[in-house]
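Chain residues, written in single-letter form:
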Amino acid sequence: MENGRIAIPSIGNGGLEGERAGHFGHCDVFTFIDVENGAIKEVSTIQNQEHVQGGCMVPVNLLAGHKVSALIVGGIGMRPLMGFKQVGINVYHDDQRIEIKPVVEDLIAGKLEMIEDNQVCGGGGGALNM
Amino acid sequence: MINIILITGENDALSDFESGLRQDKEIKIERVNSCEKAFDLISEKNFDLAVADENIAGTPGLEFVEKLVSINPLINCAVISSLGAKDFHEASEGLGVLTQIPLRPDQKHAKILLQKLKAVLNLMM
């Protein structure tokens with residue numbers, strides 16, 4: 001990834017040295033990593049919005065409004081995945097590591113896979129296998 | 001205005017529920033009796049909510065929702081279903097269904113559904 005904004009569902013205060021949330025809809029904050037010319041330029045966070053049943057499109061709307069171009073999840077349901085695709089946000093998958101920094105570095109290096117339609121899981125989020 | 005599409009066969013069991021929805025002056029409802037008509041209408045107009053009957057001319061409501069989500073994930077969905085809560089949760093996981101509606105819903109269910117819908121729509125503003 002050369003340029004763009006990566007979003008990571010995070011627990012607590014988030015940040016590059018923080019930890020990922022297993023359920024993106026229920027995360028505390030989203031950590032944003034702005035990438036320029038293949039390098040991390042800036043790190044910021046935004047508060048997640050309230051999660052309600054059936055509110056899968058709320059985070060889609062939130063991240064699209066902040067011009068996110070890529071999202072890294074541990075798992076995701078079909079509806080939010082289709083929503084992110086519709087607004088042009090690429091969804092990448094890593095269900096092994098809880099730390100934010102290594103998955104961001106892998107995405108920038110082109111080592112993370114985009115999630116496939118047949119990899120969707122239930123519950124609107126899924127869990128990291130950690 | 002909140003636009004709702006109700007997808008059901010000739011189902012008189014929904015008349016009280018539909019009447020309850022129509023009591024809200026913000027609500028506009030269109031009713032169709034097949035999945036094909038629903039997809040045609042959804043391709044032409046914006047809807048905030050699709051309410052799918054348990055069985056729509058031979059197609060299970062959840063099957064309709066799964067297809068709808070893949071085409072237009074922005075539409076909120078509610079499904080009429082006789083499944084128990086746990087079974088419904090498992091059957092609908094990942095589809096982001098707003099709520100399960102019982103087989104013979106009444107005006108009270110309409111009111112609850114609208115409360116849930118408005119809560120989601122408010123978060124999207």
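Residues numbered from 1 in each chain as written. Chains lettered and ligands numbered in written order. Predicted model: local features only at pLDDT ≥ 70, side-chain atom pairs only at ≥ 80, totals over all residues. Heavy atoms only, no water.

(A) View of the layout of surface pockets. Residues and elements named next belong to chain B. Counted as a void, the second largest pocket has a volume near 210 Å³. In terms of lining residues, the second largest pocket is bounded by 14 residues, among which Phe47, Asp48, Leu74, Ile75 and Asn76 are the most central. Considering only residue class, the lining of the second largest pocket consists of 8 nonpolar, 3 polar and 3 charged. (1 Å grid on protein atoms, 1.4 Å probe; cavity = no way out; pocket = protein on both sides within 12 Å on 5 of 7 lines; lining within 4 Å. Points joined across faces, edges and corners; volume = space filled by probe spheres on them. Nonpolar A, V, L, I, M, F, W, Y, C, P; charged D, E, K, R; others polar.)

(B) Structural view of the sheet that holds strand 6 (residues 113-114) of chain A. Residues and elements named next belong to chain A. If you trace the 6 strands from one edge of the open sheet to the other, you get 3-2-1-4-5-6, paired in mixed fashion. Pairing within the sheet leaves two strands with one partner each, and these edge strands are strand 3 (39-47) and strand 6. Of the strands in this sheet, strand 1 (4-10), strand 2 (29-36), strand 3 and strand 4 (70-73) are in contact with helix 1 (residues 57-65), which crosses strand 2 at around 35 degrees. (Pairing = 2+ DSSP bridges. Helix = DSSP H or I, 4+ residues; strand = E, 2+ residues; numbered from the N terminus. Contact = heavy atoms within 4.5 Å. Axes fitted to C-alpha atoms, helices over the stretch in contact; angles between N-to-C directions.)

(C) A look at the pairing of strand 1 (residues 2-7) of chain B. All names here are of chain B. Burial within strand 1 is extensive, with 6 of its 6 residues counted as buried. Residue alternation in strand 1 divides its side chains into two sets, Ile2, Ile4 and Leu6 and Asn3, Ile5 and Ile7, and both sets are buried. Of the pairings in the sheet, the one linking strand 1 to strand 2 (residues 27-32) comprises 6 bridges and is parallel in character. Note on strand 2: the bridge partner recorded for Ile5 is Glu30. With 4 bridges joining them, strand 1 and strand 3 (residues 49-52) adopt parallel strand pairing. Residue pairing across strands places Ile5 opposite Ala50, the latter belonging to strand 3. (Buried < 20%, exposed > 50% of the residue type's maximum accessible area, 1.4 Å probe, protein only.)

(D) Empty space enclosed by the protein, seen in detail. Residue and element names in this part refer to chain A. By the definition in use, this model includes 1 cavity of 30 Å³ or more. Together, Leu81, Lys85, Ile89, Asn90, Val91, Met114 and Ile115 line the largest cavity. Only helix 2 (78-86) and strand 5 (90-93) provide two or more residues apiece to the lining of the largest cavity.

(E) Focus on the nonpolar core. Residues and elements named next belong to chain B. By size, the foremost hydrophobic cluster in this structure holds 25 residues, and its most contacted members are Ile5, Ile7, Ile42, Ala50, Phe64, Val65 and Leu68. Setting aside its immediate chain neighbours within four residues, Ile7 contacts Val32, Ser34, Ala38, Ala50, Val51, Ala52, Asp53, Ile56 and Phe64. With 23 residues, the next largest nonpolar core counts Leu6, Leu14, Leu21 and Leu114 among its residues. (Core = buried A, V, L, I, M, F, W, Y, C linked by side-chain atoms within 4.5 Å.)

(F) Quick look at the packing of aromatic side chains. Residues and elements named next belong to chain B. Within the structure shown, the criterion is met by 2 aromatic pairs over all chains. Plain terms: the ring middles of Phe39 and Phe64 are 5.0 Å apart, the flat faces sit at 40 degrees to each other, and that makes the pair tilted. Placement of the pair is Phe39 in helix 2 (residues 35-44) and Phe64 in helix 3 (residues 61-71), with a sequence separation of 25 residues. There is no split in this pair, since Phe39 and Phe64 are both buried. (Phe/Tyr/Trp six-rings, centres within 6.5 Å; stacked < 30°, edge-to-face > 60°.)

(G) Structural detail: unusual backbone geometry. One non-glycine residue with positive phi stands out, namely Asn37(A), at about 50 degrees. The topology assignment puts Asn37(A) in the loop between strand 2 and strand 3. Looking at Asn37(A), the relative accessible area reads 58%, which means it is exposed. Positive phi outside glycine occurs at Ala57(B), with the angle close to 50 degrees. Examined against the element boundaries, Ala57(B) turns out to sit in the loop between strand 4 (55-56) and strand 5 (59-60).

(H) Local environment of the environment of Leu117(B). Residue and element names in this part refer to chain B. Here Leu117 is to be found in helix 5 (residues 107-123). Sequence separation between Leu117 and Ala52 is 65 residues; the distance between their C-alpha atoms is 15 Å. Residue contacts for Leu117: discarding those within four places in its chain leaves Ile2, Asp48, Leu49, Asn76 and Leu98.

(I) Structural view of the packing of helix 1 of chain A against helix 2 of chain A. All names here are of chain A. Relative to each other, helix 1 and helix 2 sit at 25 degrees, their axes nearing to 9 Å. Taken together, helix 1 and helix 2 sit at an angle that is classed as roughly parallel. For the element pair helix 1 and helix 2, the recorded crossing hand is right-handed. In this structure, helix 1 contributes Met57, Pro59, Val60 and Leu63 to the contact, and helix 2 contributes Arg79, Pro80, Gly83 and Phe84. For the contact of helix 1 with helix 2, a count of residues per class yields 6 nonpolar, 1 polar and 1 charged. (Parallel < 35°, antiparallel > 145°, perpendicular 65-115°, else oblique. Left-handed = near helix turned anticlockwise from the far one by under 90°.)

(J) How the structure looks around helix 1 (residues 15-22) of chain B. Of all the positions in helix 1 of chain B, only Phe17(B), Glu18(B), Gly20(B) and Leu21(B) are classed as buried. End-on view of helix 1 of chain B: buried residues confined to an arc of 155 degrees, all on one side of the axis. (Arc of directions from axis to C-beta.)

Geometric descriptors of this kind do not, in isolation, establish any biological role.
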